[in-house]
Amino acid sequence: MSLARFLAKPASFHPIALAAINRLASTTDRILARWPDVVVEPPERDRERLVQEMRGRLETGDWSDTRMSLVTTAAVALFDQDRRDRRDLAALRRFYCEEIESSDRRTFLNTMVAVFIGSYEPGAAHTAALATALDRSRSKIGARWAALLEGVPELLDATAAPSALAGRMVKMAVPWDDLRQLGLRSPHAPGLMDHVHLAFIEQLAPQLDQRSGMERLIGWLKPEGQQARASGAAEAISALLSPWQNRAASSDDERFLTERLISLYGDPRIRSENAAWSGVPPHLRAIIDRWLTGENIRFFLDVVSAVEESHMWAPRERFWLGLHNQKRIDAAWVAFSKEGVAYARRKGADNRFLRFGRQEAGGSRANTSLLILKIGSKIVVEGSHSYKVHVFRDDHPKAPKLYESWYDCEDIRLLPGSWSVAHNGDWQSRVLEHI
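What counts and how
Residues numbered from 1 in each chain as written. Predicted model: local features only at pLDDT ≥ 70, side-chain atom pairs only at ≥ 80, totals over all residues. Heavy atoms only, no water. Salt bridge = Lys/Arg side-chain N within 4 Å of Asp/Glu carboxyl O. Helix = DSSP H or I, 4+ residues; strand = E, 2+ residues; numbered from the N terminus. Buried < 20%, exposed > 50% of the residue type's maximum accessible area, 1.4 Å probe, protein only. Pairing = 2+ DSSP bridges. Contact = heavy atoms within 4.5 Å. Axes fitted to C-alpha atoms, helices over the stretch in contact; angles between N-to-C directions. Expected span 1.5 Å × (residues − 1).

1. Points about the pattern of salt bridges
If you walk through the whole model with that rule in mind, you get 24 salt bridges. Of the charged contacts in the structure, one is a salt bridge between glutamate 101 and arginine 136, with a shortest N-O distance of 3.2 Å. Residue glutamate 101 is found in helix H5 (residues 90–102), and its partner arginine 136 is found in helix H7 (residues 125–136); the two are separated by 35 residues along the sequence. Take glutamate 101: its relative accessible area is 36%, and that puts it in the partly exposed class.

Rendered as structure tokens:
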């Protein structure tokens, strides 16, 4: 008797002998009874035992007491990344494909569609085998996948499914919501959707110099109420930055992209936050680094001019932003005093995505904030409250480093080997001579 014929019998099945699998099967049975279309992901620790249990039943031909929950959870394990290419499990994989074509059980068939989607790898042998079997059984697949198969007939294609589904997404107003309406309950799930994500980025690329295209991709990366997509994040970031390699973004678009990307994936300059940025090519990373440099300079000037009354801030703003506009400043970082931090948090809602350090010197320097700049081979430290401009060579062993969490402006002032100048007279020309 085949598995399909056995499972079609109106019998009440009994628990499997293995205790761990017994508990898993009982739980799975309750889930399948209430939500027959739900695919249960078995714990990693149980996966090999589930597969070997099914393999043993296949080899002996003994299907007595076999639960559908064992069949479906073992299928998830059998086609996962660790087992879908194992030679010793080839016969079991063939068996599942044969059962797809012979079975009429929609719970089983719906599970196998989900397994196909979750294990999809374009052109892989297991993907091709599942695609062939499922396509031959297309008419028997239940309502769970009907809308998706109708909307994307190429879904059961072992190579074309990602580009076909991505093509539909490009035309969708809100891809996340529209895919869920089609029947993909977890549009960020691994497998097929990893490849769809990359195809979607590629097809959307011509629109990414327009705000509508940017918003569509960012909305896909971080749907409302969901975590930001991690898989393929570097490719998405790269695509969003690519249009600006040889031309300038508008100030609004620059601010929009900077804020959204930092909010989703952290500050690329801070090691603890830059996991998604590690796969972005350096020449594209340099674009957002340049944008962040301008944001940091403006952030610093906005805050310190608000907390310190001084006629010197207007010329300082023209000087530092002028150097930034000339692309002479490679990087910038801010360290606010306690007063500056309080103001930035109270009034700086527009800069909430920007990170900054702390300036922690006390006494007469308790209110001093710092702007640390990388300009060519020099490290330049600007400060509020009559703090001089200090210039260090970047190979100075104790030169201040950018992106630290705290600084002491008195320690920096007393470091040997720096050049400094007060903001008197034509201080700008003297700074230019030393950078």
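Let us keep going from here.
2. So, the sheet that holds strand S2 (residues 357–359)
Strand order in the open sheet formed by seven strands is S6-S2-S1-S3-S4-S5-S7, and the pairing between neighbours is mixed. The open sheet terminates on both sides in strands that have one partner only, identified here as strand S6 (406–407) and strand S7 (419–421). Where strand S1 (residues 331–336) lies against strand S3 (residues 370–375), five bridges are found, and the strand directions are antiparallel. For alanine 331, the partnering residue across the bridge sits in S3 and is lysine 374. In the packing of helix H15 (residues 282–307) onto the sheet, contacts are made with S1, S3 and strand S4 (378–383), and the angle to S1 comes to roughly 30°. In the packing of helix H19 (residues 427–434) onto the sheet, the strands contacted are S4, strand S5 (389–393) and S7, and the crossing angle to S7 comes to about 165°.

3. Quick look at the pairing of S3
Counting buried residues along S3, five of its six residues qualify, which places the element largely inside the surrounding structure. Of the pairings in the sheet, the one linking S3 to S4 comprises six bridges and is antiparallel in character. Looking at the pairing, leucine 371 lines up with glutamate 382 of S4. Linking two consecutive strands that pair antiparallel, namely S3 and S4, is a turn of two residues; a positive phi of about 60° is found at glycine 376 within it.

4. A word on helix H16 (residues 313–325)
Between its terminal C-alpha atoms H16 stretches 18 Å, which fits the 18 Å expected from 13 residues at 1.5 Å a residue. Those residues of H16 lying buried are Trp313, Pro315, Arg316, Phe319, Trp320, Leu321, Gly322, Leu323 and His324. In the core, the buried residues of H16 are packed alongside H15, S3, S4, S5 and H19.

5. Here we look at helix H14 (residues 251–265)
Along its 15 residues, H14 runs 21 Å from first to last C-alpha, staying within 8% of the 21 Å computed at 1.5 Å per residue. Along H14, the residues that are buried comprise Asp253, Glu254, Phe256, Leu257, Thr258, Glu259, Leu261, Ile262, Leu264 and Tyr265. Of the surrounding secondary structure, the elements contacted by the buried residues of H14 are helix H12 (211–221), helix H13 (233–241) and H15.

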